[in-house]
Amino acid sequence: MDGSELVGVQKTLAPVLKAKALDNRLPDPILGDQWAEQVMRRLDPGYDQGRFATSQLGLVAVVRSKAHDDWARAFLTDHPDAVVLHLGCGLDARVHRIDPPATVDWYDLDYPNVIALRERLLPAREHYTPIGAAVTDLAWLEPIPRGRPLLMIAEGLVPYLTEADLKRLLTSVVDMFPTGQIQFDTVPVWAWRTSRWDPTLRKYDAEFHCGFDDPARLADWHPRLRYVDEAPMNDSPLLTAKAPAGTRRLYRLLNLVPGLKRSTRIVRFRF
Ligand SMILES: C[S@@+](CC[C@H](N)C(=O)[O-])C[C@H]1O[C@@H](n2cnc3c(N)ncnc32)[C@H](O)[C@@H]1O
């Protein structure tokens, strides 16, 4: 089992998973995701061998996951009867990390072959349903129970959608539910426009299809949607507190470059 069945954008799940696996090996991890380490080891037993194999440069992705987890936990504490749509879930073990009560129904969605791989690598659980589908084909929304609070989480997904598809997704979800929280992350317009030449994305045959300089404005897409706030990523105090010294130094330098400090924006909306 090595994930070789993944194609194009699906391969972008691997570096994030590796970052989470490596974080779990820090003496004081940011996320502490034991599942990431187990899954990574099964996908690539030698993932921590080789020259830069144990570099913690990916820790920002872990900071992003922690921000999404914290927001999700807070929402589920206030809304224990929620329906969770975790879109573009990849091999992320969020449902296990958060371990919601049985009153929550949780749906993990990704492409069918990603979901098939996930089902081989991660345990099933009650009140949990994996959905193998393209998120843009909104037919998957049909069987989801309505009339309950909604939590939608899309981590590392939105830049791979077109603006038109994102708008259709957001407005459809808000129309379907009485109340809810929607949290995701976006890249700025420059990162979208240059993504075709981004060496990391090229390696995964992927590119971005949208970018926003002011993601708060996406609330204008639906009269019931309102922007709440943003969580720090590259400049997160968590990095200063927990990353190894070399990683911290590098991010301190990168954050001096205009545009890089908030090159990913983690944003939260409510309706
Ligand atoms: C960067 S990975 C993030 C994975 C996971 N959310 C995490 O943070 O570990 C992006 C994920 O989005 C999925 N994805 C991208 N476009 C998608 C689409 N149109 N429909 C369903 N999944 C999609 C990919 O297959 C991949 O698993």
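Residues numbered from 1 in each chain as written. Predicted model: local features only at pLDDT ≥ 70, side-chain atom pairs only at ≥ 80, totals over all residues.

Within an unreviewed UniProt entry, the label attached to the protein chain reads Class I SAM-dependent methyltransferase, and the organism entered is Actinoplanes sichuanensis.

Asker: What is the right way to look at the overall build of the protein chain in this model?
Answerer: Within the protein chain, the regular secondary structure consists of 10 helices and seven strands. Among the 271 residues that make up the protein chain, the fraction classed as buried is 38%. Of the contacts made within the protein chain by residues no fewer than 6 positions apart, 71% connect residues no fewer than 24 positions apart. (Helix = DSSP H or I, 4+ residues; strand = E, 2+ residues; numbered from the N terminus. Buried ≥ 20, exposed ≤ 12 C-beta atoms within 10 Å, placed from the backbone. Contact = placed C-beta atoms within 7 Å.)

Asker: What is the right way to look at the packing of helix 1 (residues 13–23) against helix 2 (residues 34–43) in this model?
Answerer: Relative orientation and spacing of two packed helices are given, respectively, by the angle between their axes and the distance between those axes. Closest axis-to-axis distance for the helix 1/helix 2 pair is 7 Å, and the angle between their directions is 120°. Classified by the interaxial angle, the pair formed by helix 1 and helix 2 is oblique. Read as a crossing pair, helix 1 and helix 2 show a hand that is left-handed. Contacts between helix 1 and helix 2 involve L17, K18, K20 and A21 from the first element and A36, E37, V39 and M40 from the second. (Axes fitted to C-alpha atoms, helices over the stretch in contact; angles between N-to-C directions. Parallel < 35°, antiparallel > 145°, perpendicular 65-115°, else oblique. Left-handed = near helix turned anticlockwise from the far one by under 90°.)

Asker: What is the right way to look at the nonpolar core in this model?
Answerer: Nonpolar side chains tend toward joint burial in soluble globular proteins. Judged by nonpolar contacts, the single largest core of 67 residues is most densely connected at L151 and M152. Per-element tally for this core: the top contributor is helix 3 (residues 59–78), with nine residues. The residues touching L151, leaving out its near neighbours within four places in the chain, are A72, F75, L76, A82, V84, G180 and Q181. (Core = buried A, V, L, I, M, F, W, Y, C linked by C-beta atoms within 7 Å.)

Asker: Even after reading the chapter, I still don't get the packing of helix 1 against helix 3, so can you show me in this structure?
Answerer: It is at 8 Å that the axes of helix 1 and helix 3 come closest, and there the two elements cross at 85°. Judged by the inter-axis angle, helix 1 sits roughly perpendicular to helix 3. Together, V16, A19, K20 and D23 of helix 1 and L59, A61, V62 and S65 of helix 3 make up the contact between the two elements.

Asker: What am I meant to see in the site of the ligand here?
Answerer: Taken together, 20 residues are adjacent to the ligand, and G88, G90, D92, V135 and G156 come closest. Among the elements that line the shell around the ligand, the one with the most residues is helix 1, at three residues. When grouped by side-chain class, the residues that make up the shell around the ligand number 11 nonpolar, six polar and three charged. (Near = placed C-beta within 6 Å. Nonpolar A, V, L, I, M, F, W, Y, C, P; charged D, E, K, R; others polar.)

Asker: Just checking my understanding: could you explain the pairing of strand 3 (residues 128–132) for this structure?
Answerer: Two faces, one strand: in a regular strand the side chains alternate between the faces of the sheet. Pairing analysis gives five bridges linking strand 2 (residues 105–110) to strand 3, with the strands arranged parallel. Residue pairing for strand 3: W106 is matched across the bridge by Y128. On the question of chirality, the crossover connecting strand 2 to the parallel strand 3 by way of helix 5 (residues 112–121) is right-handed. (Pairing = 2+ DSSP bridges. Right-handed = clockwise from strand over helix to strand, strands pointing away.)

Asker: Just to check I follow, could you spell out unusual backbone geometry for this structure?
Answerer: Apart from glycine, the bulk of residues carry a negative phi angle, and the bulk of peptide bonds sit in the trans form. If you check the backbone angles, D99 has positive phi at about 50° while not being a glycine. Residue position: D99 is located in the loop between helix 4 (94–98) and strand 2. Positive phi values are uncommon outside glycine, yet H127 reaches one of about 60°. With respect to the element layout, H127 can be found in the loop between helix 5 and strand 3.

Asker: Before we go on, may I ask you to explain the sheet that holds strand 6 (residues 226–231) in this structure?
Answerer: Backbone-to-backbone hydrogen bonds join strands into a sheet, with any given pair of strands oriented parallel or antiparallel. Spatial ordering of the open sheet is given by 3-2-1-4-5-7-6, a layout of seven strands whose pairing is mixed. The open sheet has two free edges, formed respectively by strand 3 and strand 6, since each of these has just one partner strand. Pairs of neighbouring strands in the sheet enclose a mean axial angle of 20°, with direction left out of account. Helix-sheet contacts for helix 3 involve strand 4 (150–154), strand 5 (180–186), strand 6 and strand 7 (265–270), and the interaxial angle to strand 4 is about 175°.

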